[in-house]
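Structural description and commentary
Below, each chain spelled out in residue letters.
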Amino acid sequence: MEVKTSLLDNMIGVGDMVLLEPLSEDTFIENLKKRFDHNEIYTYIGSVVISMNPYKSLPIYTAEKVEEYRNRNFYELSPHIYALADEAYRSLRDQDKDQCILITGESGAGKTEASKFVMSYVAAVCGKGQEVNKVKEQLLQSNPVLEAFGNAKTVRNDNSSRFGKYMDIEFDFKGDPIGGVISNYLLEKSRVVKQTRGERNFHIFYQLLSGASDDLLKKLKLDRDFSKYNYLSLDSATVNGLDDAASFRTVRNAMQIVGFMEDEVQSILELVAAVLKLGNIEFKPESRVNEFDESRVKDKNDLKEMCELLGIEQFVLERAFSFRTVEAKMEKVSTTLNVAQAYYARDALAKNLYSRLFSWLVNRINESIKAQTKKPKKVMGVLDIYGFEIFEDNSFEQFIINYCNEKLQQIFIELTLREEQEEYVREGIEWTNIEYFNNAIICDLIENNKTGILAMLDEECLRPGTVTDETFLDKLNTVCAEHQHFESRQSKNSKFLTDHSLPHNCFRIQHYAGKVLYRAEGFVDKNNDLLYRDLSQAMYKANHSLMKLLFPEGNPAKVNLKRPPTAGFQFKASVGTLMKNLLTKNPNYIRCIKPNDKKAAHIFTDSLVCHQVRYLGLMENVRVRRAGYAFRQAYESCLERYKMLCKQTWPQWKGPAREGVKVLLTSLQLHAEEFAYGRSKIFIRNPRTLFFLEEKRRQCLEDLAALIQKIYRGWKCRTHFLLMKKSQVVVSAWYRRFAQQKKYQNIRCSALVVQSFIRGWKARKLLRELKHKKRCEQAVTTISAFWHGTQVRREYRKFFRANAGRKIYDFTIQRIMQKYFLGLKKTMPSMSPIDKSWPSRPYGFLDGTHKELRRVFHLWRCKKYCSQFTVEKKATYEEKLAASELFKDKKALYPSSVGQPFKGDYVEITKNPKYQKLNSLAEDKVLLADVVSKINRANGKGAPRIFLLTKKSLVLADQKTGQVKASVPLLDLSSVSVSTQNDGFFALKLKEGAVSAAKGDFLLSSDRLIEIITKLHRTGAASADRNQIKIDISDEFLVQFKQDKVCVKFIHGTPKNGNSVACKRKNNRLLEVSVPSP
Ligand SMILES: Nc1ncnc2c1ncn2[C@@H]1O[C@H](COP(=O)(O)OP(=O)(O)O)[C@@H](O)[C@H]1O
Ligand SMILES: [Mg+2]
C-alpha cells in the first residue's frame, strides 16, 4: 500500500516521530539532529509540532510557502508550522471549533517567533478586504509595540519576552478576523531597576534615547547618553543586530497603526522618561531626628526635572521620599525613611510605574483591536509565555514563571496523554497503559490553597508581626518537608542535611523540567509588591492625566485600607483563568527547542536538547501516540467522508453508522489491526492508512466528478445535437423552397423568351407579308397613276404646248429668288459698320444685285449707327473725320492718333488757379489747351509752353506761371506746315505785316499735333470773317524769321533724349529737323 505524500517521501530522517523505528531517546535526538543539520527545523509527533530554533533566517516563510500549505492536509506536506496553523484555522473556520495554539519551550527557543509565524500565516490565508486588512494590520502591529515595552535582552535571548502573552484572535462566521484581546502575565518589572550582567533593561529605554529627535529629547528633558542613567546597564547597551533607532521608528509607526493618538504617545514617552529620571534620584543620610534615620534627596536637579515633566509639585514628591504615613483605624502615623528605605521606595515606584504603564498599554491596544460586533465569534488563542527558566540565582520571578510552565505542562498532559488514554477507555478500546509523569503533584505543591507554597507566602505576608524571608522559609520547611518534590537543607527530611549544593537560605523544587534552586530572599517583598501610599498619592497629584490613571489608589477620596492582593495571588488567579480558557479550546502544540546555548546557527548540543526533550515529555508523547491510534473520527463523519469508497455505502447507507464503517473498511481489504472500532469513533492506527483513505477518496471523487462531467457533457451534446437537427430541418426546408423557386423562375424566364421569340418571329412574318401587300398596292397605285397621267397628258398635251415654257421659267426664277432672299436673311452679317463680311453669292446672274444689296445694307447699317450718336460724340467724330481728311495717307503720324480721343483741354485750365488769367483770355470756350515744346528759332532748342487755342486766337504761355508769352489772333495765321514724317514738328506761318509776326513764324512740337492742327483748321473754317488756314504737308518748307527766310528740312536721324524731333540751326538759311526713321 504505497501512498504518495510528501510528508513520507524524500524525508530527511523521519518527519513524524511516531514513525521512528526503533524508538529510543538516542534515535529521537539523532533524528532531530539529522533534520536540524539539513535545515529541517520542524518535526511532528502526530499533530504536535517540534520546532528547533535555527538561529538564522530560512527561506521557508515566503508567500509561496504560504500558498503551498494553504488548504492542504496536515500530513500531506513536509512538517511546517504553517501546516499546524492551517489545520487550526481550517477547523476553526469549517468546524466552528475554537482553537488555541500553545507554544512552549525555554527562553530563546523561538516561541515568540513561532507565534508571529502563526499569526502572519493566518493573516495571509484569511479573508481580504479593506476592513479586514485594517484589523489584520492592527493585530500584527500590536507585536512591535508590546515587544518594545515588554522585551529585553537577556543572556539567553536578545529579544526575550519578559511577560507572558495570550492573544485571542476573533473571527466571524466566514473566518475573517474581526478583532482580538490580549492578556498579559506578570511583567518582570524588577528589570526596570536592576539588570544582571550581560542583560539590558526593556528595549524602549534604549530605543527612545537612540531614536528620538533632539527636539523630543529636549521636551522629555533627556540626554542621548545611556551612561547618564542609573537604571540602564551599560555593559550591553548596544546589541549586535539590533538597531534601536530604527526600532523606535517602527514602534511609533506601529502605535499609529494600532490607533494611539499623538498626545497619548507623548504621555507614554513622558512616563518612560520619568522612570529614567527616577533612577537618577539619589539620597543621602540626614541628621537624626527623634532617633529615626532620615534621608534627603542628594541632587535635586533630576527630581525637579521629573516633577516638571509630570506636573508634580517638587515638595510633594520630596516629602513622599522622606516620610511614610501608615493609617490604621482612623489613625495616621508618619515615620521617616532612612536612605535604604528611600531607595527601596524609589525603586518600588519605578517598577510600579513601568508595570502599570505596560498593563495600561495592553488595555489600550485591546481597546483598539476589540471586535466591533456583538455577533458570535470564533476564537483562536495564541499563547506565548515565558519558558522554563533555570538561572544560577533564581528568585520569586523564576518561581512564578516555572509555576506557569508547570501548569502548561499539566494542560498538555491533560489533553494529550490523559485525555487520550481516557478516550480509549471511554470508547472501550483495548489499551495497555503507558506510564507517564503527571506533574499535578508539583502544581499542587505550589498552588494548593492550604499547603501550597504560594498560600504560605501569602500567609506570611499578611501575618502581623515581623515577617522576613527567613520566617517564610521556616514555614516552608515545616509544611512541605514531606513533599517529594520539595528539598531544603533545614527541612526535617534528613536527606538534604548534608547536601552542600543546597544553601541554607534556599529551597529547591523538582520541577517536571528539572530541579531549580530558589533563593528565599526577596520573596516576601516581591509578593507584597508594596508601594508606599505617600508615593501613590504623590503620583495621583500629578498634573498628568495618564499618571493619574495609573495610580487610582492615590486618590485621597478613595482611601482603601484593605491590602491589595499579593503578586502571587494575582498571578495564580490569572493563570487559573487562562487554564480554564485553554481547556475550552482545541489545543495545537508547538514545542520549541533550543539547539544550543550560544544563540548560534548550526550548533546542536546533544545534552541540552536531550534535557529539553525529557522535560517536555516528548518521548512519552510519542509512545502514547504509537501505542494508540494516530487518528480517530466519529462514525457518522467517517462514513460521510468515505462512503463513496464502497458500493454498499454509496450513495446512502441505511443501517447504523458503525456497521457502515465496518462494511466500508472491510471492503477496502485493509489490515484488521489498522483499525479499532470504538463505541462512537473509529480509530485508525497509522497515519498512512488515513492517507490511503484520503487518496482513495480523492480518486473516487475524481471518478465521481468525471461521471458527473460525463453525464453533463452527454446531456449537453445531445441537447446541442437536437437543436442542431431541428435547425437543420428548418434550414433545409427553406433552402429547398428557395431552390424550387429559383428553378421555377428560370423555367418561367425561358418560356417567356421562347414565347417572345416565337411571337416576334410570327409578328415579323406578318409584318413582312403586310409590307409586301402594301408595296404591291402602292405599285399598283403608282402604275395606275402613271398610266392615268400618261393618258391625261396624252389627252391634254395639245392645250399646254403654247406658253408653258415661259411660265415654268418665271416660276423657277421666282423660286430661286425666294430661296436667295430667305438664305440671305439667315446669313446676314452683324450690325457693326466695320464688319466687312458678306455672304457669298449663290448664283452668277445675281452678282450685281448681290453687291448692291451689300452697299445698301452697309449704308443702312451706318445710318443706324450714326443715329445713336449724341451731339458731343458727333462733334468728336466730325473732328476725327476732319483729321482724316487732312492727314490720312499724308502724314505718318496720323494712324497713331486715330485711337486717341480729342480731349481738348489737357492741362485742366479751368480748374487750375495758376491759369486763371489764361482762362479768362478764352472768354467763353477753350478749344484746346496743351503743353507743347516751343523751338528756339536761333538754336533749335525746345522749351515747354502752354498752347491755348480759343475761337479767336492762339496763345503761348509759360507753363509754370501761366504768363502769356505770345498771343496770335487767328486772323494773323496764314498757314501751318508739317512734315510727312512720324513727328510732331509744326510751323505756324503768320501773315506778312501782322503785329504778332514781329519775331517771325512759330516753330512748335507736340505729340498731339494731329488734334492741334485739326482744331486749328476747323476753327479757321468755322469763322466767316477770315480765310481758311492752309495746311502744307511737305518735308521741306520755308519759314520767315524776322527778315530771313529759313528752309526747314526734315532728315532721318536719331533724335537725342528720346524726343521725337531734334532741331538744329545749320546756318542762316537752313534748319535741320531729325526725325526717327520710319
Ligand atoms: N524560526 C526561526 N527562524 C529564524 N530565527 C529564529 C526562529 N525562531 C527563533 N529564532 C531566533 O531566536 C531568537 C529567539 O527567539 P524568541 O522567539 O524570541 O524566543 P523565546 O520567545 O522562546 O524566548 C529570535 O530573536 C531569532 O533570532
Ligand atoms: Mg519570547
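The sections below set out a description of the structure shown in this document. Since the model is a prediction, treat every value here as computed from it, not as a measurement.

Moving on, we come to the site of ligand 1. Not every one of the 16 residues close to ligand 1 is listed here, only the nearest: Asn53, Gly108, Lys111, Thr112 and Asn157. Ala109 places a polar main-chain atom, nitrogen or oxygen, 3.2 Å from an oxygen atom of ligand 1. Here an oxygen atom of ligand 1 and a side-chain polar atom of Lys111 are 2.8 Å apart. Against a free-state accessible area of 550 Å², the protein chains account for coverage of 85% of ligand 1. Here the shell around ligand 1 is built from residues that sort into 5 nonpolar, 7 polar and 4 charged.

The next point concerns the packing of helix H3 (residues 81-95) against helix H4 (residues 111-125). Relative to each other, H3 and H4 sit at 55°, their axes nearing to 9 Å. Considering their axes alone, H3 and H4 lie oblique with respect to each other. The chirality of how H3 crosses H4 is right-handed. Between H3 and H4, the contacting residues are Ile81, Tyr82, Ala85, Asp86 and Tyr89 on the first element and Ala114, Phe117, Val118, Tyr121, Val122 and Val125 on the second. Looking at the contact of H3 with H4 residue by residue, the classes come out as 10 nonpolar, no polar and 1 charged.

Turning next to the packing of aromatic side chains. Using the criterion set out here, one finds 33 aromatic pairs in the structure. Here Phe472 and Phe523 contribute two aromatic rings whose centre-to-centre distance is 5.7 Å and whose plane-to-plane angle is 20°, an arrangement assigned as stacked. Residue Phe472 is found in helix H16 (residues 469-479), and its partner Phe523 is found in helix H17 (residues 523-528); the two are separated by 51 residues along the sequence. Plain terms: the ring middles of Phe857 and Trp860 are 5.9 Å apart, the flat faces sit at 40° to each other, and that makes the pair tilted. Separated by 3 residues within a single helix, Phe857 and Trp860 lie in helix H27 (residues 847-867), roughly one turn from each other. An aromatic cluster of three or more residues is present, and its members are Phe396, Phe399, Phe472, Phe486, Phe507, Tyr518 and Phe523. Cation over ring: Lys880 sits above Phe902, and NZ or CZ is 3.9 Å from the ring centre.

Taking burial as the measure, the 5 residues of strand E2 (residues 48-52) include 5 buried ones, the bulk of the element. Residues Val48, Ile50 and Met52 point to one face of E2 and Val49 and Ser51 to the other, with burial holding for every one of them. The turn joining strand E1 (residues 42-45) and E2, which pair antiparallel and follow one another in sequence, is formed by 2 residues; a positive phi near 60° is taken by Gly46. Of the pairings in the sheet, the one linking E2 to strand E16 (residues 586-593) comprises 4 bridges and is parallel in character. Bridge pairing links Ile50 to Arg591 in E16.

If you trace the 3 strands from one edge of the open sheet to the other, you get E13-E14-E15, paired in antiparallel fashion. Looking at which strands have only one partner, the edges of the open sheet turn out to be strand E13 (486-488) and strand E15 (514-519). Across the sheet, the axes of successive neighbouring strands diverge by a mean angle of 25°, strand direction being ignored. For E13 and strand E14 (residues 506-511), the ladder comprises 3 bridges, and the chain directions are antiparallel. Residue pairing in the sheet places Ser488 in a bridge with Phe507 of E14. The strands touched by H16 within the sheet are E13 and E14, with E14 carrying the most contacts at an inclination of about 45°.

Reading the values: rules and limits
Residues numbered from 1 in each chain as written. Chains lettered and ligands numbered in written order. Predicted model: local features only at pLDDT ≥ 70, side-chain atom pairs only at ≥ 80, totals over all residues. Heavy atoms only, no water. Near = heavy atom within 4 Å. Polar contact = N/O pair within 3.5 Å; in protein donor to acceptor, adjacent residues only side chain to side chain. Areas by Shrake-Rupley, 256 points an atom, 1.4 Å probe, with all protein chains shown as cover. Nonpolar A, V, L, I, M, F, W, Y, C, P; charged D, E, K, R; others polar. Axes fitted to C-alpha atoms, helices over the stretch in contact; angles between N-to-C directions. Helix = DSSP H or I, 4+ residues; strand = E, 2+ residues; numbered from the N terminus. Parallel < 35°, antiparallel > 145°, perpendicular 65-115°, else oblique. Left-handed = near helix turned anticlockwise from the far one by under 90°. Contact = heavy atoms within 4.5 Å. Phe/Tyr/Trp six-rings, centres within 6.5 Å; stacked < 30°, edge-to-face > 60°. Lys NZ or Arg CZ within 6 Å of the ring centre and 35° of its normal. Buried < 20%, exposed > 50% of the residue type's maximum accessible area, 1.4 Å probe, protein only. Pairing = 2+ DSSP bridges.

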